[in-house]
Structures are given as C-alpha cells and as structure tokens.
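Structure at a glance
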Amino acid sequence: MRRLPVGNFRPRADVRRCSLGLVVLTVFGILTVGALPMVGAGQVDNATALAEPDSDVLGWENGYWHNESIDVDGSDGLSAAERERVLARTMARVEYLRGLEFEETPRIEFVSRDGVETYVDRNVTQLPGGNQTWEALFVFGEDTDAREAIRETILASVGGMAAEEGVDHVVLVTEDPERPQISGYVLAHELVHVLQDQYFDLSAPRYRRSTLDGELGKDSIVEGEASLVDGRYRRQCASGAWSCLSGGMAPPSGSVTPAVATLMSVPYRDGAIYAATLRERGGWQAVSSVQESPPATVEPVLHPDRVVEPPEPIEYADRSGPDWSRTDDIQRIGEAGVRTLFARQNGSRNVALPRPNGTVSLRQAVTAPAEGWGNDTLYTYTNGSHGGYVWVTEWDSRADAAEFADAYRAVLQSYDPLVFGESTYVIDDGPFADAFHVRHNGTRVMIANAPDRSALNALSDRLDVASTESRHHEGRTVITSTAGPGFGVASILLALVVMAVILLLIEGDRHYR
C-alpha cells in the first residue's frame, strides 16, 4: 500500500472499532510470581501529603494521591482493606499518567488460571480465522484444531482482562484468589481499559472486527495505549518516584504456540510504539482521536513513521467448479501475519531467506517479504470432506510481489515437495500434505491450496496446473521442531519470553516517556 510522508499525518475518522482489554504474560515476560515489598524512595509521606481536595481531581481517587504512601504488606496476600487502598492509589496513578478522570470505581475479581477459562471462552476474540487461515501461514496443519490451539495459548498466558463484552469489572489472574497478590502495573494496564470503556465505549458495535488483520489493527490502539501507560508506570517505579507492588501474577502454564504468542504480542509491543508516536506528535488528544477511529489494518502500526493509505479492495471472481463451495470465513491476514509466516519458517525449519552479502539482519530477512503489502483476502472453500483456499495478495510494486512469491516458494521447497511446472507443488507427507499453486502476475500473487492437483483445477479454472513432474528434491535435510508444526520446545518458549522482556525494556526506554 502506498505510504505518504509522515508530515501528512492526519488521524483517520472512518474506521470501526472493537474492544479487547487483555494482559498476556508471554508478551510482557512476567517472570516474578511472588509479591515483593513495595519499593521506591521518592514516595510522599502521609504526614506531608497534599490535603484532600474539595472535589475529585486528576491524580486523586477515593482518599489517595498518586504519590501517597499506603499501608500495605503484600508478602502474604492482600486483605480486603489493602485491596481497596491499592485500587484507589493505582486509579489515581493511571489518571495522573493518562490525563483522564475515572467516572466510576470498578470492581476487581481475582481468579485462578483455571478460573479464567469461562471469561476467555465468553469474551476473548483475539486472532480470528479458521483452520485454513493458519494452514496458509504454516502455523497449524490439518492435524490441529487451530481455534482450540489458540484458545490454549490464551488460557496459558492471560494475566488479566477488563472492559470486554460481558465483563464490567477488572479480572486478575493470581495463584491464590482468597489472598491475592497484585502486580501494580498489570492492574494499571487493566484500569486503562476501564478508562477507555468509560470514554470510548469499547463494547460499541463499531469496534467489531472479523479478520485477523483488522483485529490486530484495532487491538494495537486499545492495547498499545494501555501498554504505553503501564510502561510509564514502571518507569516511575524504577526511578524511585513511586513505591510499587511487584509480582503477584500466576505464572504462564499450559500449551503455548510461539507463532500465536508472537502475533498476540503485536498490539502490546508495536501498539505501544504506535501510541507513543501519536502522543509525541499530538499529545493524548491524538491518541484519543485514533481511539475514535482505530486503524483498519495493522500496517500503520508496524510503520508509525509513515502515513498509510487505506487498502484498495481486492477484486476476485469465484471460479470454482461445482464440487467446491465458498465458506463464510473470508479473511484478511495482513502484514503482521505475513511477517509471522516467514519468521516461523525461518526459525523452526531453517528456511533460507535472502540476506544479501550477509548485511541484512535476520529480522530484516523475515520482514522483507512482507514489505510493500497492499491488501490480501483469503477465500476458503469446502467440497464436503476437504478444505481448500485461494489467497489473493496485492503488493505496492511488481518487485514487492515477486519477493513475496519467491519467499513463499522457498517455504514450500523446504517441505521437499513434488514440483510440477514452475508453480505447482505437492507436499506428500505431514500435517501440510496438500497441493499448492503460486501464481504471480504483476502486483498480484495468488496462492491456491487443495488436497491434490486435480482439486486445484476444480478450485479455480484460472490456474494453470502442470500435469508433468519437473523435479523432486531428494535427500534434503530439513530442521524441524521436535514438538510438531507450530509448537516449540521449552527452550523456544524460554527464548520467546526472554526476547519479549528485552524488547519491552528497550522499547520502554525509547518510547515510554
């Protein structure tokens, strides 16, 4: 999609929005689980604290100023009275940092990791798309229920939620709900969602998104703003300006898919940078303006230094035969999804992506094929017993389209396929065993998938599926994850968490001001 110079920046006002309000532990890399004593040398002593105001003001809530000391010992869990003090002061701090006054005091509910399941099943809509969406990204094969695997990743890593549809309070995950411990900045993050709901109505119909790309774009301003505020909160704690509770969250547990965790991290990590960029340009009002009209896609979030034009609609006429019917699951995967595709394949299968003269970093190598993304639509089909898809992608230039097509072919080649002609590949074993056709024409790349070559022709009569095998890559050594497609072993998960911590600290130092 064509990108304009940053000087032409104007918040758009025509995009629909939706709510989220979720803290994910694998995103933030919360490694401490026990509450620690409050730390901070710059705290105001109660004896010298400002007097209570005559009316409610920013930075003061329910009897406590944002920099006032409170009588709390979180080492053995918090009593009901201590929870009220922590909530009041954290609300005051969020007001102080965000510049918005709470209209009401929310209730906090503490649940165990097992107890959060009901809320996740009822309210969380992260990462939409059925099995074929995730097959196209080579995250989950036909042996895995993608929706269930995504649900397991969310359940294993969620730390809290607020302002979801049907959730009118703050929900925090803790090891002992009866004597809970609280992470101050996680509570602050969720309280930002409460503020967002009070000022922007996160449950409004215009916040609904049905595609992966649309959901990530919308979530990036919702979670990005909250991450920006909780990052500023942590800077206050680290500098000693505030005394703060540490730890307190139940540790991640269960089955986590690294590729899914990577996509889940985009609204928090890239969204925080996006929100910080908006604030640097136009103050909090610029952030509020985008809350009124969140990004239609994740592209402007990934490129906050540019102004991105809305994507041109994809025009594609259904040319499937009578044996195939199109389903209602029509997806836009977006630039973040394409990035994840190549990062996952490079990291777990050693797919060789071009790195000219060795000067291009690994991050650049895996993101380069996604650069120049203009739009995409994935159309899913069924013949009653098998699924198929046609993924139509548009690019800014012929060169961008060629780069994506070549990189996707490199992924297919890594599975040691039968190759027919120049564009048809048949993977004959494993969870991704299917027939693929990659067609590049100008700025468009179309990828079709079906159970076999004959089904490809039936899926679209536009495909020129070769009938003669041209080559077969014998004896190719492929590096795979021992845990199966899309899943990493413990070392990969640990690396993911550590990398998230490092990225967050670096980005926090640069952007959380």
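How each quantity is defined
Residues numbered from 1 in each chain as written. Predicted model: local features only at pLDDT ≥ 70, side-chain atom pairs only at ≥ 80, totals over all residues. Heavy atoms only, no water. Helix = DSSP H or I, 4+ residues; strand = E, 2+ residues; numbered from the N terminus. Buried < 20%, exposed > 50% of the residue type's maximum accessible area, 1.4 Å probe, protein only. Contact = heavy atoms within 4.5 Å. Areas by Shrake-Rupley, 256 points an atom, 1.4 Å probe, with all protein chains shown as cover. Phe/Tyr/Trp six-rings, centres within 6.5 Å; stacked < 30°, edge-to-face > 60°. Lys NZ or Arg CZ within 6 Å of the ring centre and 35° of its normal. Pairing = 2+ DSSP bridges. Axes fitted to C-alpha atoms, helices over the stretch in contact; angles between N-to-C directions. Parallel < 35°, antiparallel > 145°, perpendicular 65-115°, else oblique. Left-handed = near helix turned anticlockwise from the far one by under 90°. Nonpolar A, V, L, I, M, F, W, Y, C, P; charged D, E, K, R; others polar. Expected span 1.5 Å × (residues − 1). Polar contact = N/O pair within 3.5 Å; in protein donor to acceptor, adjacent residues only side chain to side chain. Disulfide = S-S within 2.5 Å.

Helix and strand counts for the protein stand at 14 helices and 18 strands. Classification of the 513 residues of the protein by burial places 57% in the buried group. Put simply, of all contacts in the protein between residues at least 6 apart along the chain, 78% involve residues at least 24 apart. Element-wise, carbon and sulfur atoms account for 50% of the exposed surface of the protein, whose accessible area totals about 20,400 Å².

Moving on, we get to the packing of aromatic side chains. To describe a pair of aromatic rings, you give the distance between the ring centres and the angle between the ring planes. Taken as a whole and assessed by the stated rule, the structure comprises 14 aromatic pairs. Ring geometry for Phe138 against Phe432: centres 4.9 Å apart, planes inclined by 45°, an arrangement best described as tilted. Placement of the pair is Phe138 in the loop between helix H4 (131-136) and helix H5 (146-157) and Phe432 in the loop between strand S15 (424-426) and strand S16 (435-441), with a sequence separation of 294 residues. Accessibility classification places Phe138 together with Phe432 in one group, the buried group. Of the aromatic side chains, those joined through ring pairs into one cluster are Phe138, Phe342, Trp391, Trp395, Phe404, Tyr408, Tyr415, Phe432 and Phe436. Here the guanidinium or amino end of Arg234 rests over the ring plane of Tyr185, the centre of that ring lying 4.6 Å away. Against the face of Phe420 rests Arg453, its NZ or CZ located 4.0 Å from the ring centre.

On to unusual backbone geometry, then. The phi torsion at Asn62 lies on the positive side, around 50°, for a residue other than glycine. By the element assignment, Asn62 lies in the loop between strand S4 (60-61) and strand S5 (64-65). Non-glycine residue Asp201 carries a positive phi angle of around 60°. Residue position: Asp201 is located in the loop between helix H6 (184-200) and helix H7 (212-239). Classification of Asp201 by relative accessible area gives partly exposed; the value is 35%.

Let's shift gears to the pairing of S16. For S15 and S16, the ladder comprises 3 bridges, and the chain directions are antiparallel. The partner of Val426 across the bridge, within S16, is Ala435. As paired strands, S16 and strand S17 (residues 444-450) are joined by 7 bridges and run antiparallel to one another. From the neighbouring strand, Val438 faces S17, where its bridge partner is Ile447. Connecting the antiparallel pair S16 and S17 is a turn made up of 2 residues, with Gly442 showing a positive phi of about 65°.

Okay, the packing of H5 against helix H8 (residues 258-292) next. Viewed as axis vectors pointing N to C, H5 and H8 meet at an angle of 65°, and their least axial separation amounts to 10 Å. Taken together, H5 and H8 sit at an angle that is classed as roughly perpendicular. H8 is crossed by H5, and the crossing has right-handed handedness. Where H5 approaches H8, its residues Ile150, Thr153, Ile154 and Ser157 are matched on the opposing element by Val260, Ala261 and Met264. Here the contact of H5 with H8 is built from residues that sort into 5 nonpolar, 2 polar and no charged.

Since one α-helical turn is 3.6 residues long, residues separated by three or four positions face the same way. A rise of 1.5 Å per residue sets the reference length of H5, with its 12 residues, at 16 Å; its end C-alpha atoms lie 17 Å apart and thus fit the reference within 8%. Within H5, the full set of buried residues consists of Ala146, Ala149, Ile150, Thr153, Ile154, Leu155, Ala156 and Ser157. Two to three positions downstream of the cap, the backbone nitrogen of Arg147 sits 3.1 Å from a side-chain oxygen, assigning the N-cap of H5 to Asp145.

Evaluated as defined, the whole model comprises 1 disulfide. Each disulfide pairs two cysteine sulfurs, and for Cys237 the partner residue is Cys244, the sulfurs being separated by 1.9 Å. The chirality of the disulfide connecting Cys237 with Cys244 is left-handed, given an S-S dihedral of about -85°.

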